[in-house]
Amino acid sequence: MELRQYWELLRRRWWLPIGLMLLTALFSAIQLKPWQTPAPSYHVSLRMLIGVNPQLTTDSTAFDTRYYAWLTSEYLVDDFTEVVRSSLFAQNVSKRLAAQQIEIPANVIQGSAVSSKQHRIITLSFSWGDRSQLEAMADAVVAELSENVNFYFEQLGSNDSLVKLLDSPSIGESTPGLRNRIELPLRMILGLIVGLGIAFLLDYLDLSVRNRQELEAIGLTVLGEIPRE
């Protein structure tokens, strides 16, 4: 199909892609409400050092307890990153908040938890829409990890583990993500593309004859034409 034929097709059915794009924009605007200021969202991050204390020994021929303490700490950090993303940890933090008359469901805490590790340091991040409640959540997370570390790792013993807060919880306001900014125009572009596809499909299924070239293409001889005007 030549470019001229494409142009003729679009000229005949231009209303279809344009109309579908405008309808998509209308329904998306009703759903997304871009004219409203989005509700503020906050995030908090903190860093904690995780490790174990070396066992004390007076035997000079024994293995180096300091080496194995460092090695155990490396494995411990790997497990801790999974613990803070678990439903059990989220439930315990939620219970601590409930004791302060703050109701944040455990699944929300679990869903917003982001953890990363570097050596024996864990970085934790959480998000929530209320700044004061988020601060209380961060404090509850620190308390849960500091006070109940042996509850999650019973094999460590009662006095072997070490959880130290390196960076106090730092709260900041989250800016709207890239998806929120481009979702409306992306939907409009998608509506336009779908409309173009439907226009080409309808033209392919249309068996009407519009000019002499179409008749000649199927082997018929044109004797004359009646102009529109």
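Quick caveat: nothing in here was measured; it's all calculated off a predicted structure. (Residues numbered from 1 in each chain as written. Predicted model: local features only at pLDDT ≥ 70, side-chain atom pairs only at ≥ 80, totals over all residues. Heavy atoms only, no water.)

A. Quick peek at the overall build of the protein. The secondary structure content of the protein amounts to nine helices and four strands. Along its sequence from the N terminus, the protein presents helices and strands in the succession α-α-β-α-α-α-β-β-α-α-β-α-α. Put simply, the protein has 229 residues, and 28% of those count as buried. In the protein, of all internal contacts separated by at least 6 residues, the share reaching a separation of at least 24 is 76%. Surface summary for the protein: the accessible area is close to 15,800 Å², and the carbon and sulfur share equals 57%. (Helix = DSSP H or I, 4+ residues; strand = E, 2+ residues; numbered from the N terminus. Buried < 20%, exposed > 50% of the residue type's maximum accessible area, 1.4 Å probe, protein only. Contact = heavy atoms within 4.5 Å. Areas by Shrake-Rupley, 256 points an atom, 1.4 Å probe, with all protein chains shown as cover.)

B. Here's a closer look at unusual backbone geometry. Of note in this structure, Gln101 is not a glycine but carries a positive phi near 65°. Mapped onto the elements, Gln101 comes out in the loop between helix 4 (87–98) and helix 5 (106–112). Owing to a relative accessible area of 69%, Gln101 belongs among the exposed residues under this scheme.

C. Structural view of the nonpolar core. Residues Leu97, Leu124, Phe126 and Leu145 are the most contacted members of the largest nonpolar core, which totals 32 residues. Sorting the residues of this core by element identifies strand 1 (41–52), helix 3 (65–83), helix 4, helix 5, strand 3 (121–128), helix 6 (131–147) and helix 7 (149–152) as the ones contributing at least two each. With eight residues, helix 6 is the single largest residue contributor to this core. Excluding anything up to four places from it in sequence, Leu97 contacts Ile102, Ile104, Ile109, Ala136, Met137 and Ala140. (Core = buried A, V, L, I, M, F, W, Y, C linked by side-chain atoms within 4.5 Å.)

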